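# A look at the structure
Each chain, written out:
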Amino acid sequence: MGGSEVDDVVARLEGMLTGIDRLAVAFSGGVDSSLLLALSARVLGRDRVLAILGVSPSLPEHERATAHEVARHVGVPVVEVVTREGERADYRRNGPDRCFHCKDELFTRIGDEVLAEYRVDAVAYGENADDALRPDRPGSRAAAAHRVLRPLAGLGLRKTDVRRLARACGLPCADKPAAPCLASRIPHYSEVTPAKLAQIEQAEGALRQLGFADFRVRHHGEIARIELPAEDLVRAVSTPIREAVHAAVLAAGFRFVTLDVAGIQSGAFTLPLVQVTRA
């Protein structure tokens, strides 16, 4: 996607942000929110855009550091907001609407702690046009309840568009794999606890150290179910990586380590439940 196309998207976004003097972007360091941050900075100026990073046990330290690196690249300051979704019974219960309670907590904290202090007029987050069509995105309902803007979806940008634009803007996260929060690794109706989140973070950190870039460690009690792209499956079961994976995941507190031959599965826990509800 060339520069002229970026300019076209910026011009269209400018129309959407008319009347906004200072904008807060709910920011994770992923490609969607990073592109939104970069485009908003082009429209309003870097000094009129703020990146808001929600910090809690469900955010891996690796993702937190990456988010700061991307924001520095864009040239926009980051404000960290401590979220306490873990204190919400409905979040810990971990139903299919868990993301609603998480996003509701984030947007509530932004409203309570950020808007007045930083004189922000509006809040936006990085939902894209593909996300808007998915039935397993209850966080979108929280955004609507808090009147949070969704410019990428409003511009009709799909995930492939987002990645092309991110590359055209030179964002270091343009090809970064999706990185949903750690709680997404826990099956619905199995309680979300800090201990489980810490286990998952330790196991996934070990996989990263072993050279894997895209993965999930699903938490099934004593069993860790590892999801990897198909092209990584053979490497994961070949010596000496197999032994290293096994030892590292056991060290995180699991008793058994399994590898899912189906590979990476987005929405593995939520989509089946949502589809049954809608049927």
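Described below are features of the structure shown in this document.

How each quantity is defined
Residues numbered from 1 in each chain as written. Predicted model: local features only at pLDDT ≥ 70, side-chain atom pairs only at ≥ 80, totals over all residues. Heavy atoms only, no water. Helix = DSSP H or I, 4+ residues; strand = E, 2+ residues; numbered from the N terminus. Rg over C-alpha atoms; globule rule 2.2 N^0.38 Å. Buried < 20%, exposed > 50% of the residue type's maximum accessible area, 1.4 Å probe, protein only. Areas by Shrake-Rupley, 256 points an atom, 1.4 Å probe, with all protein chains shown as cover. Lys, Arg positive; Asp, Glu negative; His and termini not counted. Charge placed at Lys NZ, Arg CZ, Asp CG, Glu CD. Phe/Tyr/Trp six-rings, centres within 6.5 Å; stacked < 30°, edge-to-face > 60°. Lys NZ or Arg CZ within 6 Å of the ring centre and 35° of its normal. Expected span 1.5 Å × (residues − 1). Contact = heavy atoms within 4.5 Å. Pairing = 2+ DSSP bridges. Axes fitted to C-alpha atoms, helices over the stretch in contact; angles between N-to-C directions. Core = buried A, V, L, I, M, F, W, Y, C linked by side-chain atoms within 4.5 Å.

### Notes on the overall build of the protein chain
In terms of helices and strands, the protein chain carries 13 helices and seven strands. Computed over the C-alpha atoms, the radius of gyration of the protein chain is 19 Å, within 12% of the 19 Å expected from 2.2 N^0.38 for a compact globule of 279 residues. Considered along the principal axes of its C-alpha atoms, the protein chain spans approximately 55 × 40 × 40 Å. Looking at the protein chain residue by residue over its 279 residues, the buried ones come to 49%. Accessible area of the protein chain: about 13,000 Å², with a carbon and sulfur share of 52%. In the protein chain, 36 side chains carry a positive charge and 37 a negative one; their mean positions are 2 Å apart.

### Some thoughts on the packing of aromatic side chains
The geometry of an aromatic ring pair is captured by the separation of the ring centres together with the interplanar angle, meaning the angle of the planes. All chains considered together, the criterion is met by one aromatic pair. Here the aromatic rings of Phe 107 and Tyr 125 are separated by 5.7 Å at their centres, their planes lie at 75°, and the arrangement is edge-to-face. Here the residue Phe 107 occupies a position in helix α5 (residues 98-113), and Tyr 125 occupies one in strand β4 (residues 122-125), the gap between them amounting to 18 residues. Taking the ring centre of Phe 212 as reference, the NZ or CZ of Arg 235 above it sits at 4.5 Å.

### What about helix α10 (residues 194-209)?
Look at α10: 22 Å from first C-alpha to last across 16 residues, which is about the 22 Å you get at 1.5 Å a residue. In this structure, the buried side of α10 is in contact with β5 (216-220), β6 (223-227) and α12 (241-251). Backbone geometry just after α10 places Gly 211 at a positive phi near 100°.

### Let's talk about the sheet that holds strand β1 (residues 23-26)
Pairing between the strands of a sheet is mediated by backbone hydrogen bonds and can be parallel or antiparallel. Overall, parallel pairing links the four strands, which are arranged β3-β2-β1-β4 in an open sheet. With one partner strand each, in any of the chains shown, β3 (78-82) and β4 form the two edges of the open sheet. On average, adjacent strands in this sheet sit at an angle of 30° to one another, irrespective of strand direction. In this structure, strand β2 (residues 49-55) lies alongside β3, joined through five bridges in parallel fashion. Paired with Val 55 across the strands is Val 82, a residue of β3. Helix-sheet contacts for helix α2 (residues 31-44) involve β1, β2 and β4, and the interaxial angle to β1 is about 170°.

### Digging into the pairing of β5
Of all five residues that make up β5, four are buried, and the element is covered over most of its length. Judged from the five bridges that link them, β5 and β6 form a sheet pairing that is antiparallel. In the sheet register, Val 217 faces β6, and the bridge partner there is Ile 226. Hairpin connection from β5 to β6: two residues lie between these consecutive antiparallel strands, with Gly 221 at a positive phi of about 70°.

### Describing the nonpolar core
Counting 40 residues, the largest nonpolar core has Leu 23, Leu 35, Leu 37, Leu 39, Val 74 and Leu 171 as its most contacted members. Counting residues per element, the ones that place at least two in this core are α1 (3-16), β1, α2, β2, α3 (61-74), β4 and α9 (159-168). Ranked by size, the runner-up nonpolar core spans 17 residues in total, among them Ile 52, Val 81, Val 123 and Ala 143.

### Digging into unusual backbone geometry
Cis geometry is found at the peptide bond from Thr 239 to Pro 240, where omega equals 5°. Along the polypeptide, Pro 240 turns up in the loop between α11 (230-236) and α12. The backbone of Asn 94 sits at a positive phi, close to 65°, despite the residue not being glycine. Along the chain, Asn 94 falls in the loop between α4 (89-93) and α5. For Tyr 189, which is not glycine, the phi dihedral falls at a positive 75°. Among the secondary structure elements, Tyr 189 is positioned in the loop between α9 and α10.

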